[in-house]
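Geometric and topological summary
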Amino acid sequence: MTSLLTVLTLLAVLSGGFCQSRVYRSVLSVNNGGPWGDWHNADMCPENYYAIGFSLRVEGGQGGGDDTALNGIRLYCSTDNRHGYIPTVESHNGFWGDWTSPQYCPTGVLTAFQLRVEPPIGSGDDTAANNIKFQCSSNRVLEGQGMGWGDYGGWSETCTNGGICGIRTKVEAWQGGHEGEDDTALNDVHFYCCDK
């Protein structure tokens, strides 16, 4: 019993407070994510909660400086009745930028996504992921307040019997701020589908 409690506590700490053992049906991904960075720990909505909205951490254009654009994604979780406590979950948030105002599905939950990514541009200023769109179960599409570089790829698969319940991000570590070093921050993201 003690070892099980230790494992569950460790999982909760690694996930930012929520237990990673929540059962999910599938993982949503897209095929146009950026090539840099490492995958970080997933963060899951509490049991019986699903993502109903999101906000983005975005660094605005730096002029002649090093642009990173999209740095982090935060999900807002709720139960079906949408009353009371609304926890947020996020994986790695990157290092730069400010959080945009939250956007919510008018009804329903987030069920699919599309990522706007600038492909590698060689010796120029790479930004990787720039913005995101989400599909709501009510058929509304929400577009983030990210940057405009790059293009949207195809839509992910759709959560068909529930909704998005967790997130895991691929973020490039800070490159040290030395002349010629190019930071990209968020490169790719996976979302988890949970059944209702």
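Remember, it's a predicted structure, so these values are computed and weren't measured experimentally.

Rules used in this analysis
Residues numbered from 1 in each chain as written. Predicted model: local features only at pLDDT ≥ 70, side-chain atom pairs only at ≥ 80, totals over all residues. Heavy atoms only, no water. Pairing = 2+ DSSP bridges. Helix = DSSP H or I, 4+ residues; strand = E, 2+ residues; numbered from the N terminus. Disulfide = S-S within 2.5 Å. Buried < 20%, exposed > 50% of the residue type's maximum accessible area, 1.4 Å probe, protein only. Core = buried A, V, L, I, M, F, W, Y, C linked by side-chain atoms within 4.5 Å.

1. Examining the sheet that holds strand β11 (residues 141-143)
If you walk across this open sheet you meet the 4 strands as β11-β10-β9-β12, and the pairing is antiparallel. Each end of this open sheet is capped by a strand with a single partner; those strands are β11 and β12 (151-152). Across 3 bridges, the pairing between strand β10 (residues 129-136) and β11 is antiparallel. Each bridged residue has a counterpart across the sheet, and for Lys 133 the counterpart in β11 is Glu 143.

2. Some thoughts on the state of the cysteines
Using the criterion set out here, one finds 4 disulfides in the structure. There is a disulfide in this structure between Cys 165 and Cys 194, and the S-S distance comes to 2.0 Å. Residues Cys 165 and Cys 194 are joined through a disulfide that is right-handed, its torsion about the S-S bond being 65 degrees. One end of the pair, Cys 165, is in strand β13 (residues 162-171); the other, Cys 194, is in strand β14 (residues 186-195), with 29 residues separating them in the sequence. Residue Cys 165 is classed as buried on the basis of its relative accessible area of 0%. A relative accessible area of 2% means that Cys 194 is categorised as buried.

3. Here's the deal with the nonpolar core
By size, the foremost hydrophobic cluster in this structure holds 32 residues, and its most contacted members are Leu 75, Ile 132 and Phe 191. Counting residues per element, the ones that place at least two in this core are β4 (50-58), β5 (70-78), β9 (110-117), β10, β13 and β14.

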